[in-house]
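In case you want the letters, here they are:
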There are 2 protein chains.
Amino acid sequence: MNIVKAISVLGSTGSIGTQTLQIAEEFPGHFRVVALSAGSNLSLLVQQIQRHQPEAVALADDSLLPELKERLGEVSSEEESFKLPNLFAGPEGLNTVASWDSAELVVTGIVGCAGLLPTLAAIKAGKDLALANKETLIAAGPVVIPELERTGSRLLPADSEHSAIFQCLQGTPWQENARLSTGVPTPGLRRIQLTASGGAFRDWSSEDLKNATIEDATSHPNWSMGRKITVDSATLMNKGLEVIEAHYLFGLDYDHIEIVIHPQSIIHSMIELADSSVLAQLGWPDMKLPILYCLSWPNRLETPWRRLSLAELGQLTFQSPDTKKYPCMQIAYSAGRAGGSMTAVLNAANEEAVSQFLQERIHFLDIPKLIEAACERHKSDHNIQPDLDEVLAVDKWSRMAVKEEVSRASNLIGKSDTAA
Amino acid sequence: MNIVKAISVLGSTGSIGTQTLQIAEEFPGHFRVVALSAGSNLSLLVQQIQRHQPEAVALADDSLLPELKERLGEVSSEEESFKLPNLFAGPEGLNTVASWDSAELVVTGIVGCAGLLPTLAAIKAGKDLALANKETLIAAGPVVIPELERTGSRLLPADSEHSAIFQCLQGTPWQENARLSTGVPTPGLRRIQLTASGGAFRDWSSEDLKNATIEDATSHPNWSMGRKITVDSATLMNKGLEVIEAHYLFGLDYDHIEIVIHPQSIIHSMIELADSSVLAQLGWPDMKLPILYCLSWPNRLETPWRRLSLAELGQLTFQSPDTKKYPCMQIAYSAGRAGGSMTAVLNAANEEAVSQFLQERIHFLDIPKLIEAACERHKSDHNIQPDLDEVLAVDKWSRMAVKEEVSRASNLIGKSDTAA
């Protein structure tokens, strides 16, 4: 592959963003970073601008724009060759960078609903996307899928599980005559098996979970990730959310998307084809590979990265997930089956519940109870075909519903284990 | 897939042949059996002819032709709708069936050098091949590869390991612009990992192998196969031969084809791509799946076959093969690296040595010694670009060389453990 692909990176100072830029540096001559957007880490953003010299940069928070201008001015006066990028700020600024004309691929590394709008802007502009913002499909699947069909924009999954499925699917007849995510079942694809490490409490009994602390819940055995995602991994909600993403990405119904516990996180996921053959993608637990695949797809670049050695590992183990120990999993399946606005409620309630847990306001076991209560309350307002405004409204409502429930419970008894 | 594919089955009464015909029956409306060839199992052949009503049938042994005619005459007088096929016999008859005009795919299930000539006839006729005859590439790779390029005939591997690699490769950019086996490295493919069950002596120490009996060597832990192949599996020569096949099929040099012991035989083989991503194909140990894939490729047919469940299995284990315990492996690599006529010597010497072992004339540990001695003796006559006559001559010579060595050793000391 000798083509230079022009990329725009949304959330450039976050985990996905920094790894994307590292890859762009590691493979000079393959990728040109034409646009960046970031939140508040100005020091890192300035470094990134110096190094990649993008055409456009946007700040989420427009109050930081003057400071960014000043810092870039200093760089400009020190480095003769430095060319100031076009600067933008606020939601409109993010949309501008997301749909930047010269960008061929947009990496959407902005977390949460803040990432949804620029991701939609990129889709509307017909850009291909390396998708790391999960709200795009979980909260707004019913809004996004028709847009993809309309504009021909393609979703390349950047997380390891969906990338694994995507890599395995390249070999099916599917690739030739279908686009990436239309909600239409993939011909020849019978089933998806998402692997799950089992998270921090993999080896705990259901009983012991009553004593789980924040420290326990935020230490992940395999992947180094943020605290919120590590808690999601401990509740297995991360896998429930991935099931919903897989549904929208690959068009399978929920009966054909399964979860298998695989503590070593070496098989990143599997597909079962119509004839019962199973294909799997394997690798060390490292986000760089799925990100690189998004950037180089449909080609592959030669890397000097550490080779996987199964002989060195010795064994890979598997077990069925314990539905009693991991209630979040079933809550996610139910929300997924309800579809429409319900998964937006699920996602927002989970974020709020985990946030409450990390603030030590609720117990670990309250997380599923709070999410389930929010989904239950939403049933009467459930809309199978919400528009973007409804998705955003439902997202707000769900967070508030969880907060209210937590306040109510603590007011009532002053302790959290009866929150729901 | 609604297309009816016309197939010719060489060796229809053997293991691959009978499974192919079972598949043709299991998927009515997908495959039409237009030609058959068989050895001496007339009863089964007559049944197959009744059931599939092929256009042409050939017998390897022409002395059996009158009996076949008589039996088919009886069928014809009993069943009004029965139509007599065109009958052929002998080497020319096999070639006729192999290149039968209406056949689109030829399944080559004839074992040994007897299968090489009809396989070449099919290639010369530009047919696609479901390749189960390993001599085609191991003995005659240098003859076959140029023929494939000339006629555009495509090799679809029917054994589980190469099928696994082939299935994984469907997703590489390779498929679009390359044919199946040209000896040219597959773009994006960095390495192949062939899995090996480890055979009957997997859990034996090198020391204990001195006491190995025929009964020990012919009981395979996972696959139900013939005695010869089960012994090949115990010496790991089967894997050495597969390494050579993989070299010719996928164009990788021998440094990039590895063997990993995987006792459960669930991962059938793996490929490592340029970016270090690993793809694997998994399934229960059952030849029906790779055979079906040859028949349905590039599509996949829906099967009701037992689903693979990794949770049920619990674990997959892996280890590096012990080169001291399995000397055949290194002997095969050396022969492969020498190339040309050397792998024909290797293959024939192995067949003869295993035959001597099964006749209780030599000890299990003599097998590698005899093969190595034959390869050593061939060095002075080694031809890097042999033609078909040389391949056939070398095959004969190698068997004789092994026999001579066995006779010499038993004459000398009257016992077999110094055979080489």
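A few points on the structure. (Residues numbered from 1 in each chain as written. Chains lettered and ligands numbered in written order. Predicted model: local features only at pLDDT ≥ 70, side-chain atom pairs only at ≥ 80, totals over all residues. Heavy atoms only, no water.)

## Some details on the interface of chain A and chain B
Taken together, the contact between chain A and chain B spans 45 residues of the former and 44 residues of the latter. For the pair chain A and chain B, the summed buried surface comes to about 3,700 Å²; carbon and sulfur atoms form 52% of the total. At the boundary of chain A with chain B, the tally comes to eight salt bridges. Taking the shortest distance from any N to any O, the salt bridge between Arg300 of chain B and Asp275 of chain A comes out at 2.9 Å. Connecting chain A to chain B are 26 residue pairs in polar contact (both at pLDDT 80 or more). For the side of chain A that touches chain B, the elements supplying multiple residues, two or more each, are helix 8 (160-169), strand 8 (189-196), strand 9 (257-261), strand 10 (267-273), strand 11 (278-282), helix 13 (288-296), helix 14 (310-313) and strand 12 (315-317) of chain A. Residue contributions to the side of chain A that touches chain B peak at five residues, all from strand 11 of chain A. Among the residues making up the side of chain A that touches chain B, the classes are represented as 22 nonpolar, 14 polar and nine charged. Where strand 11 of chain A meets strand 11 (residues 278-282) of chain B, five bridges bridge the pair, whose relative direction is antiparallel. (Contact = heavy atoms within 4.5 Å. Buried area = accessible area lost by both parts, 1.4 Å probe. Salt bridge = Lys/Arg side-chain N within 4 Å of Asp/Glu carboxyl O. Polar contact = N/O pair within 3.5 Å; in protein donor to acceptor, adjacent residues only side chain to side chain. Helix = DSSP H or I, 4+ residues; strand = E, 2+ residues; numbered from the N terminus. Nonpolar A, V, L, I, M, F, W, Y, C, P; charged D, E, K, R; others polar. Pairing = 2+ DSSP bridges.)

## Quick look at the relation of the copies chain A and chain B
The two copies are related by a screw motion: chain A maps onto chain B through a turn of 180° and a shift of 0.0 Å along the axis, at an RMSD of 0.0 Å. Here the two chains are linked by the operation of a two-fold rotation axis. Taking C-alpha positions as the reference, the residue of chain A nearest the rotation axis is Gly171 of chain A, at 1.8 Å. A shared interface surface links the copies, since 98% of the contact residues of chain A are contact residues in chain B too. (Least-squares fit on C-alpha atoms with pLDDT ≥ 70 in both.)

## A short note on the sheet that holds strand 1 (residues 5-10) of chain B
Residues and elements named next belong to chain B. Read across the open sheet, the seven strands follow the order 4-3-2-1-5-6-7; overall the sheet is parallel. Two strands in the sheet have a free side with no partner beyond their single neighbour: strand 4 (86-89) and strand 7 (155-157). Averaged over neighbouring strand pairs, the angle between their axes works out to 20° when direction is ignored. As paired elements, strand 3 (residues 56-59) and strand 4 share four bridges and run parallel to each other. What sits directly across from Ala56, in strand 4, is Asn86. Running at roughly 160° to strand 2 (residues 31-38), helix 2 (residues 42-52) makes contact with strand 2 and strand 3 of the sheet. Helix 13 (residues 288-296) rests against strand 1, strand 2, strand 5 (105-108), strand 6 (128-131) and strand 7 of the sheet, and its axis sits at about 135° to strand 1. (Axes fitted to C-alpha atoms, helices over the stretch in contact; angles between N-to-C directions.)

## Examining the pattern of salt bridges
One pass over the structure, following the stated rule, counts 55 salt bridges over all chains. The partner of Asp395 of chain A in a salt bridge is Arg399 of chain A, and the shortest N-O contact between them spans 2.9 Å. Pair noted here: Asp395 of chain A and Arg399 of chain A are both in helix 18 (residues 388-413), with a separation of four residues, about one helical turn. On the basis of relative accessible area, Asp395 of chain A is assigned to the buried category, the value being 6%. A single salt-bridge network, built from bridges that share partners, covers Arg190, Arg191, Glu258 and Glu272 of chain A together with Glu302 and Arg307 of chain B. (Buried < 20%, exposed > 50% of the residue type's maximum accessible area, 1.4 Å probe, protein only.)

## As for helix 7 (residues 141-151) of chain B
By the burial criterion, the buried members of helix 7 of chain B are Gly141, Pro142, Val143, Val144, Ile145, Glu147 and Leu148 of chain B. Positive phi shows up at Gly152 of chain B, right after helix 7 of chain B, with a value of about 80°.

## Re the sheet that holds strand 2 (residues 31-38) of chain A
Each strand in a sheet pairs with another by means of backbone hydrogen bonds, the pair being arranged parallel or else antiparallel. Residues and elements named next belong to chain A. Strands sit in the order 4-3-2-1-5-6-7 across an open sheet of seven strands; the sheet is parallel. If you trace the sheet from one side to the other, it starts and ends with strand 4 (86-89) and strand 7 (155-157), each paired once. Across the sheet, the mean angle from the axis of one strand to that of its neighbour is 20°, orientation sign disregarded. On top of the sheet, helix 1 (residues 15-26) reaches strand 1 (5-10), strand 2 and strand 5 (105-108); it is set at about 160° to strand 2, its chief contact.

## Here we look at the packing of helix 4 (residues 90-98) of chain B against helix 5 (residues 113-124) of chain B
Residues and elements named next belong to chain B. Relative orientation of the contacting elements helix 4 and helix 5 amounts to 35°, with a least axis distance of 8 Å. Considering the relative orientation of helix 4 and helix 5, their crossing is right-handed. Every residue of helix 5 that contacts helix 4 at Leu94, Asn95 and Ala98 is listed here: Leu117, Pro118, Ala121 and Ala122. Partitioned by chemical class, the residues of the contact of helix 4 with helix 5 number six nonpolar, one polar and no charged. (Left-handed = near helix turned anticlockwise from the far one by under 90°.)

## Concerning the pairing of strand 3 of chain B
All names here are of chain B. Burial along strand 3 is two-sided: the face carrying Ala56 and Ala58 and the face carrying Val57 and Leu59 are both buried. When strand 2 meets strand 3, the two strands line up parallel, connected through four bridges. Note that in strand 3 the partner of Ala35 across the bridge is Ala56. In terms of handedness, the path from strand 2 via helix 2 over to strand 3 forms a crossover that is right-handed. Note on the crossover from strand 3 through helix 3 (residues 65-78) to strand 4: the handedness is right-handed. (Right-handed = clockwise from strand over helix to strand, strands pointing away.)

## A look at the environment of Glu55 of chain A
Residues and elements named next belong to chain A. Note on placement: Glu55 falls in the loop between helix 2 (42-52) and strand 3 (56-59). Sequence separation of Glu55 and Thr218 is 163 residues, and the distance between their C-alpha atoms is 38 Å. Among all residues touching Glu55, those that are not within four sequence positions of it are Arg32, Val34, Pro85, Asn86, Trp100 and Ser102. Of the polar contacts made by the side chain of Glu55, one reaches the side chain of Trp100; its length is 2.7 Å.

## Regarding helix 2 of chain B
Of the positions making up helix 2 of chain B, those classed as buried are Leu42, Leu45, Val46, Gln48, Ile49 and His52 of chain B. In a view along the axis of helix 2 of chain B, the buried residues occupy a sector of 160°, so they form one face of it. (Arc of directions from axis to C-beta.)

## Notes on the side chain of Lys288 of chain A
In this structure, Lys288 of chain A sits in helix 13. Since its relative accessible area comes to 17%, Lys288 of chain A is described here as buried.

## A look at the packing of aromatic side chains
All names here are of chain B. Enumeration over the complete set of coordinates arrives at 16 aromatic pairs over all chains. Where Tyr254 meets Tyr333, the ring centres are 6.4 Å apart and the plane angle is 75°; that geometry is what we call edge-to-face. Highlighted residues: Tyr254 in the loop between helix 12 (237-250) and strand 9 (257-261) and Tyr333 in helix 15 (residues 327-338), separated in sequence by 79 residues. Each member of the pair Tyr254 and Tyr333 is classed as buried. Seen in terms of ring centroids, Phe357 and Phe364 are 5.7 Å apart; in terms of plane orientation they differ by 65°. Their pairing is edge-to-face. The pair formed by Phe357 and Phe364 is uniform in burial state, with each residue classed as buried. (Phe/Tyr/Trp six-rings, centres within 6.5 Å; stacked < 30°, edge-to-face > 60°.)

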